[in-house]
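What the coordinates show
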Amino acid sequence: MKTKIAEITEIVLARLDESPEVLADAVEYGSESFDLRELIRILLPSCAERVLLESDLGEVSEWYPLEGNVLSDPGVSMRAFLPLPEDYFRLLYLRMSDWPEAETRVMAVGRETASLREYWDSRPGFRRRVHPAINTGYREGKRVLIIYGTVRGARLAEGGYLPRPREDGAGNLLFPPSLAGELIDETVRTIKKIRE
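Bear in mind the structure is a predicted one, so any value in this text is a computation, not a measurement. (Residues numbered from 1 in each chain as written. Predicted model: local features only at pLDDT ≥ 70, side-chain atom pairs only at ≥ 80, totals over all residues. Heavy atoms only, no water.)

1. Some points on the overall build of the chain
Each helix and strand counted, the chain has five helices and nine strands in total. In sequence order, the chain lays out its α and β elements as β-α-α-α-β-β-β-β-α-β-β-β-β-α. In the chain, of all internal contacts separated by at least 6 residues, the share reaching a separation of at least 24 is 75%. Of the roughly 11,400 Å² of accessible surface on the chain, 50% is carried by carbon and sulfur atoms. (Helix = DSSP H or I, 4+ residues; strand = E, 2+ residues; numbered from the N terminus. Contact = heavy atoms within 4.5 Å. Areas by Shrake-Rupley, 256 points an atom, 1.4 Å probe, with all protein chains shown as cover.)

2. Details of the pairing of strand E4 (residues 79-83)
E4 sits mainly inside the fold: four of its five residues count as buried. In terms of strand pairing, strand E3 (residues 71-72) meets E4 through two bridges, oriented antiparallel. Along E4, the bridge assignment pairs Leu71 with Phe81. (Buried < 20%, exposed > 50% of the residue type's maximum accessible area, 1.4 Å probe, protein only. Pairing = 2+ DSSP bridges.)

3. Some thoughts on the layout of surface pockets
Left-over empty space is what a probe sized like a water molecule reveals as it rolls over the atoms. Each pocket or cavity is described by its volume, and for the second largest pocket that value is around 160 Å³. Every residue along the wall of the second largest pocket is listed here: Leu57, Tyr88, Phe89, Arg90, Leu91, Leu92, Thr104, Val106, Thr136 and Arg143. Among the elements that line the lining of the second largest pocket, the one with the most residues is strand E5 (residues 88-96), at five residues. (1 Å grid on protein atoms, 1.4 Å probe; cavity = no way out; pocket = protein on both sides within 12 Å on 5 of 7 lines; lining within 4 Å. Points joined across faces, edges and corners; volume = space filled by probe spheres on them.)

4. Points about the sheet that holds strand E8 (residues 156-163)
What holds strands together in a sheet is hydrogen bonding between their backbones, with the strands either parallel or antiparallel. An order of E2-E8-E5 is seen for the three strands of this open sheet, with the pairing classed as antiparallel. Lying at the two open borders of the sheet, with one neighbouring strand each, are strand E2 (64-65) and E5. Examined bridge by bridge, E5 and E8 share seven bridges and lie antiparallel to one another. Note on E8: the bridge partner recorded for Leu94 is Gly159.

5. Some words on the packing of aromatic side chains
Enumeration over the complete set of coordinates arrives at three aromatic pairs. Aromatic pair Trp63 and Tyr93: ring centres 6.0 Å apart, planes at 85°, arrangement edge-to-face. With Trp63 in the loop between helix H3 (36-54) and E2 and Tyr93 in strand E5, the pair connects residues that are 30 residues apart, well separated along the chain. Under the relative-accessibility criterion, Trp63 is labelled partly exposed at 35%. A ring pair is formed by Tyr64 and Tyr161, whose centres lie 5.8 Å apart and whose planes are at 80°; its orientation type is edge-to-face. One end of the pair, Tyr64, is in strand E2; the other, Tyr161, is in strand E8, with 97 residues separating them in the sequence. A connected cluster of aromatic rings, assembled from ring pairs, spans Tyr64, Tyr88 and Tyr161. (Phe/Tyr/Trp six-rings, centres within 6.5 Å; stacked < 30°, edge-to-face > 60°.)

6. What to know about the nonpolar core
Val12, Phe175 and Ile191 are the most contacted members of the largest nonpolar core, which totals 29 residues. For this core, the secondary-structure elements that each account for two or more residues are helix H1 (5-15), H3, E5 and helix H5 (180-195). For this core, the leading source of residues is H3, giving nine residues. Once you skip the residues sitting within four places of it in the chain, Val12 turns out to touch Ile40, Ile184, Thr187, Val188 and Ile191. Leu66, Val70, Tyr88 and Met96 belong to the second-largest nonpolar core, a separate cluster that totals 16 residues. (Core = buried A, V, L, I, M, F, W, Y, C linked by side-chain atoms within 4.5 Å.)

7. With respect to the packing of H1 against H3
Packed helix pairs are specified by the crossing angle of their axes together with the interaxial distance, meaning the distance between the axes. The interhelical angle for the contact between H1 and H3, taken along N-to-C directions, is 120°, at an axis separation of 10 Å. Judged by the twist between their axes, the crossing of H1 over H3 is right-handed. Between H1 and H3, the residues in contact are Ile5, Ile8, Thr9, Glu10, Val12 and Leu13 and Leu36, Arg37, Ile40, Arg41 and Leu44, respectively. For the contact of H1 with H3, a count of residues per class yields seven nonpolar, one polar and three charged. (Axes fitted to C-alpha atoms, helices over the stretch in contact; angles between N-to-C directions. Left-handed = near helix turned anticlockwise from the far one by under 90°. Nonpolar A, V, L, I, M, F, W, Y, C, P; charged D, E, K, R; others polar.)

Okay, structure coming up:
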């Protein structure tokens, strides 16, 4: 799941009509030593985050697998926790072993929906069908997925997430290549706003 920064940079420059010859001669942004390539490199992670937040995740072709042990909540009968990796940015999908299908949506943190789910899931003695739902939160100082509608002892069957976009030190951005076009568009828009 790597996108080459140099390739993205050259396409962004072409879209901005900035040829290498023009860049070598131009004095822009108030400094003779300013390098537009460096600005693009600096902007790429934040532009990539915006793209990941706004994109249809059905278009994503690469992701990291969710792994780990699911911890049952002793206080709520149909709730569990899954510790998240430190680089977690956005959930792609999650399916518990007792779910027929994967869940792709995460409830907004602090919304009434999550409070209602917790109340209904904790009522003792009620047999009912509880639909899967996922929320993010914190448990024992660590970021977790809060998983509603799963029975005790269920395990993580499959799941995937997108990491926070960042440089890997080898000239790549940890970002799905299938969204490179959206990243280029967002970077061009951002630089044009800076120029205004």
